[in-house]
Amino acid sequence: MTTVMIQEARGRVTVGSFSQMPDAAAAAAPSSESAEAALAFLTEMSPDLRGAAVLGPEGEVLAATGEEPERWGEDAAALLAAADAAEEAPVEQVHIATEQGEVFAIRHEGLAAVAVTERFALASLLLFDMRSMLRQLGKGQH
Amino acid sequence: MQKPHRILLERVSAYADEAAAFMRRRRVARRPFARLYYAGGRSADHAQDSTAGAELFVAAGRLIEVAGPKKGARG
């Protein structure tokens, strides 16, 4: 009798939990405050970072370093568009190394992040940090 | 006979020298590149003189301009 009641209760709780769990794609964009906090953390973690921006699902700038967030939005959109056009497929990550610096871009859970670093930055580490940042923003943990 | 910690230190120093030499060569020999990563782990390189590569480098150049120099850098 007790076992049956526990099973019934467990079933109700499980259904409730899943119905409350937001779908990754349907989740609302994180707030600017949380994006700024995440970006500040990334900047602190990456000594080679010159600047970065976090973009929302519609390409809007949620947070950016410096004083020109609009330019970050426009130029990041141009970069991602050029990257998508290269092989007619959506890219997940971009890494461009030039003589003047390196550019990284990553898409994750509907969000995107772009970063500019000094030359010879540790690419895998930075991309890992950027992906972690977007994952936590997507989960609303910042 | 050398003490064990001396051997260990020499070994570590040798590895550090190797790593430093590798990084030095990398700095000299590395050329600009544009690398794109797709779902499933596939990646593709685009040369600077290709159409797609040129667009990527132009877009990257704009972002580098927006970011500006590193804080604390001179010039």
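What about the sheet that holds strand β2 (residues 61–64) of chain A?
Then comes step 1: If you walk across this open sheet you meet the seven strands as β2(A)-β1(A)-β5(A)-β4(A)-β3(A)-β1(B)-β2(B), and the pairing is antiparallel. Strands at the two margins of the open sheet, each flanked by one partner only, are β2 of chain A together with β2 (43–46) of chain B. Ignoring strand direction, the axes of neighbouring strands in this sheet form an average angle of 10°.
Then comes step 2: In this sheet, strand β4 (residues 102–108) of chain A lies alongside strand β3 (residues 93–97) of chain A in antiparallel orientation, the contact comprising five bridges. Residue pairing across strands places Gln93 of chain A opposite Ile106 of chain A, the latter belonging to β4 of chain A.
Then comes step 3: Strands in contact with helix α2 (residues 32–45) of chain A are β1 (49–55) and β2 of chain A; relative to β1 of chain A, the strand with the most contacts, it is inclined by about 155°.

A look at the interface of chain B and chain A
Then comes step 1: Taken residue by residue, the interface counts 26 residues in chain B and 32 residues in chain A.
Then comes step 2: Going through the elements one at a time, β1 (33–37), β2 and α2 (51–67) of chain B are the ones with two or more residues in the side of chain B that touches chain A.

So, the domain arrangement of chain B
Then comes step 1: Partitioning chain B into structural domains gives domain 1 (1–30) and domain 2 (33–68).
Then comes step 2: Taking the mean C-alpha position of each, domain 1 of chain B and domain 2 of chain B sit 34 Å from one another.

Points about the confidence of the model for chain A
Then comes step 1: Mean pLDDT over chain A stands at 84; residues scoring 70 or higher make up 79%.
Then comes step 2: The low-confidence segment residues 9–26 of chain A (pLDDT under 50) makes four contacts with residues lying over four places distant or belonging to another chain.

Overview of the packing of α2 of chain A against helix α4 (residues 123–139) of chain A
The description of two packed helices rests on the angle between their axes and on the distance between the axes.
Residues and elements named next belong to chain A.
Then comes step 1: Their axes nearest at 10 Å, the elements α2 and α4 cross at an angle of 160°. The pairing of α2 with α4 is recorded here as roughly antiparallel in orientation. Crossing geometry of α2 relative to α4 is assigned as right-handed. Along the contact surface, α2 presents Ser34, Ala35, Ala38, Leu42 and Met45, while α4 presents Asp129, Met130, Met133, Gln136 and Leu137.

Points about the pairing of β2 of chain A
Residues and elements named next belong to chain A.
Then comes step 1: Here three bridges tie β1 to β2, and the two strands are oriented antiparallel to one another. Following the sheet pairing, Val54 is matched in β2 by Ala63.
Then comes step 2: The hairpin turn running from β1 into β2, its antiparallel successor, is five residues long, and Gly59 in that turn takes a positive phi close to 85°.

Describing the nonpolar core
Then comes step 1: Grouped together as the largest cluster of nonpolar side chains are 51 residues, with contacts concentrated most on Leu79, Ala113 and Val114 of chain A together with Leu63 of chain B.
Then comes step 2: Looking at which element gives the most residues to this core, the answer is α2 of chain B, with eight residues.
Then comes step 3: In this structure Leu63 of chain B touches Asp75, Ala76, Leu79, Val103, Val114 and Val116 of chain A, once residues within four positions along its chain are discounted.

Conventions and cut-offs
Residues numbered from 1 in each chain as written. Chains lettered and ligands numbered in written order. Predicted model: local features only at pLDDT ≥ 70, side-chain atom pairs only at ≥ 80, totals over all residues. Pairing = 2+ DSSP bridges. Helix = DSSP H or I, 4+ residues; strand = E, 2+ residues; numbered from the N terminus. Axes fitted to C-alpha atoms, helices over the stretch in contact; angles between N-to-C directions. Contact = placed C-beta atoms within 7 Å. Domains from an automatic or database assignment. pLDDT = per-residue confidence, 0-100. Parallel < 35°, antiparallel > 145°, perpendicular 65-115°, else oblique. Left-handed = near helix turned anticlockwise from the far one by under 90°. Core = buried A, V, L, I, M, F, W, Y, C linked by C-beta atoms within 7 Å. Buried ≥ 20, exposed ≤ 12 C-beta atoms within 10 Å, placed from the backbone.

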